[in-house]
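# Structure at a glance
The lines below spell out each chain.
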Amino acid sequence: MRTVALAPGFGRKARRSRPGVRLGGPDSMLARIGTLPIHTVGQCGASARGAAADEWGCPVYGMVNKAVEDLVRMNHGGETWRRIKERAGIDVEVFVSTEGYPDEMTYALVGAASEVLGASAADILEAFGVHWVLHTAPDGYGAILDAAGGSLPEFLMNLNQMHTRVGMIFPNLKPPRFECGEVTENSMLLHHHTERPGLGPMVKGLVIGLGKRFDTPVRVEQVQDREKGADHDVFRVTWGPGAAG
Ligand code: HEM
């Protein structure tokens, strides 16, 4: 089975570049990471923090950046995290979970982690998704996780309700929206709707993490991709004996 922990040498190699040089082709996720203002339409929440907020754009809650930090520190140590932050041009000392930070900071951190660790942005996002479910969410939000379901398919069908509960703690949350289609005993199509681009690998990692949480073998294949012109991402999720691999 494929390893999704973000370890040294893990995954495909990202192309190295000088700071400020775009990675990948003009339309690739890598090219967009760290360069794109995510919320070019819609309202910005009021909580984007600090001097950086004006230049960067709209907020994502700090617990996301904290989770990226946690993942890097756990696998590569504090010095690597310092280099990644420096490369991303971010001088925030401590991310506060309940404060808003511009989405672009998160994308810049993923782009910088990709360069510093020599892993693709997709592999980093996927590892982040797994880490979020297994380590970040249970640490403080275990009750919300527990209430969301006792099996993988039940949890997937409750994702919107779960984020509605999360929204009571984080009032400016811009949650994802999911739809479950073609549900059978051991598979479904999971539709992900969001304003944020390039998150397909993260959703894959989140679902793999849920499989681990429920000790359920799971396979996640992306069958529709916004990066390739579709209006939203769709994943075929298959679970149970024979699904892994
Ligand atoms: C207790 C568990 C969870 C908590 C507390 C939580 C909380 C959050 C928070 C704070 C954000 C950032 C949104 C913002 O700042 O505007 C987020 C985004 C997101 N969450 Fe959750 N989440 C949880 C579990 C999950 C799970 C299990 C999935 C599985 C698919 C998931 C899917 C996503 C996705 C895909 C995003 C990215 C936002 C987007 O698509 O636009 N979350 N969540």
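Since the model is a prediction, treat every value here as computed from it, not as a measurement.

## Topic: the overall build of the protein chain
- Assigned secondary structure in the protein chain consists of ten helices and six strands.
- Each of the 245 residues in the protein chain was classed as buried or not, and the buried ones make up 39%.
- In the protein chain, 66% of the contacts between residues at least 6 apart in sequence involve partners at least 24 apart.

## Considering the sheet that holds strand β6 (residues 233–239)
- What the four strands build is an open sheet, ordered β3-β4-β6-β5; its pairing is antiparallel. Across the chains shown, the open sheet's two edge strands, defined by having one partner strand only, are β3 (177–181) and β5 (218–224). Between one strand and the next, the sheet's axes are offset by a mean angle of 25 degrees, whatever the strand orientation.
- Direction of pairing for β3 relative to strand β4 (residues 187–193): antiparallel, over a ladder of five bridges. Paired with Gly-181 across the strands is Leu-189, a residue of β4.

## Remarks on the pairing of β4
- Because side chains alternate across β4, one face comprises the buried residues Met-188, Leu-190 and His-192, and the other comprises Ser-187, Leu-189, His-191 and His-193, none of which is buried.
- Connecting the antiparallel pair β3 and β4 is a turn made up of five residues, with Glu-182 showing a positive phi of about 45 degrees.
- The sheet contact formed by β4 and β6 spans six bridges and is antiparallel. In the strand pairing of β6, His-192 is matched with Asp-233.

## Examining the confidence of the model for the protein chain
- Predicted confidence across the protein chain gives a mean pLDDT of 81, with 76% of residues reaching 70 or more.
- Scored below 50 in pLDDT, residues 1–57 makes 104 contacts in the model with residues more than four places away or belonging to other chains.

## Things to note about the site of the ligand
- Inspection of the region around the ligand gives 25 residues, with Ala-137, Tyr-141, Pro-176, Thr-194 and Leu-206 positioned closest.
- With five residues, the top contributor of residues to the shell around the ligand is helix α10 (residues 200–213).

## Some words on α10
- Counted at 1.5 Å a residue, the expected span for α10 with its 14 residues is 20 Å, and the 20 Å between its end C-alpha atoms agrees.
- Counting buried positions along α10 gives twelve out of 14 residues, so the element sits mostly inside the fold.
- Buried residues of α10: Gly-200, Pro-201, Met-202, Val-203, Lys-204, Gly-205, Leu-206, Val-207, Ile-208, Gly-209, Leu-210 and Gly-211, and no others.
- Packing partners of the buried residues in α10 comprise α6 (121–136), α8 (152–157), β4, β5 and β6.
- Once α10 ends, the next one or two residues include Asp-215, with phi positive near 55 degrees.

## Let's talk about the nonpolar core
- In terms of nonpolar packing, the biggest core is built from 50 residues, with Leu-109, Ala-113 and Phe-128 touching the most fellow members.
- Residues in contact with Ala-113, not counting those within four places in the same chain, are Val-72, Ile-84 and Ile-124.

## So, the environment of Leu-206
- Tracing the sequence through the fold places Leu-206 in helix α10.
- Residue classification places Leu-206 among the buried positions, given that 25 C-beta atoms sit within 10 Å.
- Sequence-distant contacts of Leu-206, defined by excluding residues within four places in its chain, comprise Gly-129, Trp-132 and Val-133.

## What to know about helix α5 (residues 103–117)
- Helix length check: α5, at 15 residues, gives a terminal C-alpha distance of 21 Å against a target of 21 Å (1.5 Å per residue), a fit within 8%.
- Of all the 15 residues making up α5, 15 are buried; the element is thus mostly covered by neighbouring parts of the structure.
- Where α5 terminates, the next one or two residues include Gly-118, which has phi positive at roughly 65 degrees.

## Quick look at the environment of Leu-173
- Mapped onto the elements, Leu-173 comes out in the loop between α9 (159–169) and β3.
- Distance from Leu-173 to Tyr-61, taken between C-alpha atoms, is 7.4 Å for residues 112 residues apart in sequence.

## Looking at the packing of helix α4 (residues 78–88) against α5
- Two elements in contact, α4 and α5, have axes separated by 8 Å at closest approach and are oriented at 120 degrees. In terms of their interaxial angle, α4 and α5 are classed as oblique. Helix-helix and strand crossings are classified by hand; for α4 and α5 the assignment is right-handed. Contacts between α4 and α5 involve Thr-80, Arg-83, Ile-84, Arg-87 and Ala-88 from the former and Ala-108, Leu-109, Gly-111, Ala-112, Ala-113, Glu-115 and Val-116 from the latter.
- Broken down by class, the residue content of the contact of α4 with α5 amounts to seven nonpolar, two polar and three charged.

How each quantity is defined
Residues numbered from 1 in each chain as written. Predicted model: local features only at pLDDT ≥ 70, side-chain atom pairs only at ≥ 80, totals over all residues. Helix = DSSP H or I, 4+ residues; strand = E, 2+ residues; numbered from the N terminus. Buried ≥ 20, exposed ≤ 12 C-beta atoms within 10 Å, placed from the backbone. Contact = placed C-beta atoms within 7 Å. Pairing = 2+ DSSP bridges. Axes fitted to C-alpha atoms, helices over the stretch in contact; angles between N-to-C directions. pLDDT = per-residue confidence, 0-100. Near = placed C-beta within 6 Å. Expected span 1.5 Å × (residues − 1). Core = buried A, V, L, I, M, F, W, Y, C linked by C-beta atoms within 7 Å. Parallel < 35°, antiparallel > 145°, perpendicular 65-115°, else oblique. Left-handed = near helix turned anticlockwise from the far one by under 90°. Nonpolar A, V, L, I, M, F, W, Y, C, P; charged D, E, K, R; others polar.

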